[in-house]
Amino acid sequence: DQQVKQNSPSLSVQEGRISILNCDYTNSMFDYFLWYKKYPAEGPTFLISISSIKDKNEDGRFTVFLNKSAKHLSLHIVPSQPGDSAVYFCAASYGNTPLVFGKGTRLSVIA
Amino acid sequence: KAGVTQTPRYLIKTRGQQVTLSCSPISGHRSVSWYQQTPGQGLQFLFEYFSETQRNKGNFPGRFSGRQFSNSRSEMNVSTLELGDSALYLCASSLGPHTSGSSDTQYFGPGTRLTVL
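Criteria and thresholds
Residues numbered from 1 in each chain as written. Chains lettered and ligands numbered in written order. Predicted model: local features only at pLDDT ≥ 70, side-chain atom pairs only at ≥ 80, totals over all residues. Heavy atoms only, no water. Pairing = 2+ DSSP bridges. Helix = DSSP H or I, 4+ residues; strand = E, 2+ residues; numbered from the N terminus. Contact = heavy atoms within 4.5 Å. Buried area = accessible area lost by both parts, 1.4 Å probe. Salt bridge = Lys/Arg side-chain N within 4 Å of Asp/Glu carboxyl O. Polar contact = N/O pair within 3.5 Å; in protein donor to acceptor, adjacent residues only side chain to side chain. Nonpolar A, V, L, I, M, F, W, Y, C, P; charged D, E, K, R; others polar. Phe/Tyr/Trp six-rings, centres within 6.5 Å; stacked < 30°, edge-to-face > 60°. Core = buried A, V, L, I, M, F, W, Y, C linked by side-chain atoms within 4.5 Å. Buried < 20%, exposed > 50% of the residue type's maximum accessible area, 1.4 Å probe, protein only. 1 Å grid on protein atoms, 1.4 Å probe; cavity = no way out; pocket = protein on both sides within 12 Å on 5 of 7 lines; lining within 4 Å. Points joined across faces, edges and corners; volume = space filled by probe spheres on them. Axes fitted to C-alpha atoms, helices over the stretch in contact; angles between N-to-C directions.

Description of the pairing of strand E6 (residues 56-59) of chain A
Moving residue by residue along a regular strand, the side chains alternate between the two faces of the sheet.
All names here are of chain A.
And then number 1: One ladder, built from four bridges, connects E6 with strand E7 (residues 62-67); its direction is antiparallel. If you follow Lys-56 over to E7, its bridge partner there is Phe-65.
And then number 2: Two successive antiparallel strands, E6 and E7, enclose a turn made up of two residues, where Gly-60 displays a positive phi of approximately 65 degrees.

What to know about the interface of chain B and chain A
And then number 1: Taken together, the contacts link 22 residues of chain B with 20 residues of chain A.
And then number 2: Taken as a group, Leu-43, His-98 and Ser-100 of chain B account for 30% of the area that chain B buries against chain A, more than any other trio of residues on that side.
And then number 3: Our count for the contact surface shared by chain B and chain A stands at zero salt bridges.
And then number 4: One can count five residue pairs in polar contact (both at pLDDT 80 or more) joining chain B with chain A.
And then number 5: Those elements giving two or more residues to the side of chain B that touches chain A turn out to be strand E4 (31-37), strand E5 (43-50), strand E6 (53-57) and strand E9 (87-94) of chain B.
And then number 6: Residues that form the side of chain B that touches chain A fall into these classes: seven nonpolar, 13 polar and two charged.

So, the packing of aromatic side chains
And then number 1: What the rule picks out here adds up to 14 aromatic pairs over all chains.
And then number 2: Members of the aromatic cluster, connected to one another through ring pairs, are Tyr-36, Phe-46, Phe-89 and Phe-101 of chain A together with Tyr-35, Phe-45 and Phe-108 of chain B.

Some remarks on the nonpolar core
And then number 1: Judged by nonpolar contacts, the single largest core of 23 residues is most densely connected at Phe-33, Trp-35, Leu-73, Leu-75 and Tyr-88 of chain A.
And then number 2: For this core, the secondary structure elements donating two or more residues are strand E3 (19-25), strand E4 (32-38), strand E5 (45-51), E7, strand E8 (72-77), strand E9 (86-93) and strand E11 (105-110) of chain A.
And then number 3: With four residues, the single largest contributor to this core is E9 of chain A.
And then number 4: If near-sequence neighbours (up to four positions away) are discounted, Phe-33 of chain A is found in contact with Tyr-25, Ile-48, Ser-49, Ile-50, Ser-52, Leu-66, Leu-73, Ala-91 and Ala-92 of chain A.
And then number 5: Formed by 21 residues, the second largest nonpolar core is a distinct cluster that contains Cys-23, Val-32, Tyr-49 and Cys-91 of chain B.

Some details on the side chain of Gln-106 of chain B
And then number 1: Looking at the element boundaries, Gln-106 of chain B is found in the loop between E9 and strand E10 (107-108).
And then number 2: For Gln-106 of chain B, a relative accessible area of 6% gives the class buried.
And then number 3: Here Ser-33 of chain B takes part through its side chain, which lies 3.4 Å from a polar atom of the side chain of Gln-106 of chain B.
And then number 4: Within the structure, Gln-106 of chain B has its side chain in polar contact with the side chain of Tyr-35 of chain B (distance 3.0 Å).
And then number 5: Once residues lying within four places of it in the same chain are set aside, the contact partners of Gln-106 of chain B are Tyr-36 and Leu-99 of chain A together with Ser-33, Tyr-35, Ala-92, Ser-93, Ser-94 and His-98 of chain B.

Section: empty space enclosed by the protein
And then number 1: Applying the stated criterion across every chain yields a total of one cavity of 30 Å³ or more.
And then number 2: Computed from the structure, the largest cavity encloses a volume of approximately 100 Å³.
And then number 3: Looking at the largest cavity, the residues that line it are Tyr-32, Leu-34, Tyr-36, Phe-46 and Leu-99 of chain A together with His-98, Thr-99, Ser-102, Ser-103, Asp-104, Thr-105 and Gln-106 of chain B.
And then number 4: Broken down by element, the lining of the largest cavity gets its largest block of residues, three residues, from E4 of chain A.
And then number 5: For the lining of the largest cavity, the class distribution of residues is five nonpolar, six polar and one charged.

Structural notes on the sheet that holds strand E7 (residues 64-68) of chain B
All names here are of chain B.
And then number 1: Reading across from one edge, E1-E3-E8-E7 is the order of the four strands in this open sheet, with antiparallel pairing throughout. Each of the sheet's edge strands pairs with one partner strand only, and the pair in question is strand E1 (5-7) and E7. The average undirected angle you get between the axes of adjacent strands in this sheet is 20 degrees.
And then number 2: Here E1 runs beside strand E3 (residues 19-24); their pairing, made up of three bridges, is antiparallel. Within E3, the residue paired with Thr-5 across the bridge is Ser-24.

Have a look at this one:
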């Protein structure tokens, strides 16, 4: 039973345009959500997070939106740059339970 | 400040063998978590250690075990290897134990790529 789902395995976007990566979750207990970025041959690096008490968090070109009623969150990257090409993982947790990750979405930003 | 280091980076084993992977956390970090990443799967949580104590364990068979030493370094062991154990094993460290909502971020190492033939 996959509690965190990233239904798009891959996404291609033109440089300068907006990238939107989506994530759905099923466990209503989750109260904290994170996005990680992973380049080949490297470990994932933390990108941005959001608490369930908020519906938006922004950090430079990255914005995460949370829709609790739909159990959906999305990561917006504006403008997209070639260096953003990576695999993006969505993760969720609550209390002291470990992070639950989605399967990832491979983003390709085309110059 | 050095990041999380994992050794070895690559490993090839045969079915039935056992393997030990090592993780050295960032200096001062006392929490270490292990994850398995297989093709087409996300990161699946294996275990978390804090101050030499296992705090959480994922849904993996008993062939997977781990420990943490007094210097916070951690090892994980997989006995009686199976083909399906081929994966990237990632270690992450943080200052304290994982708590939802905490700004204490997990920092990942580059992983150990294990291939079981």
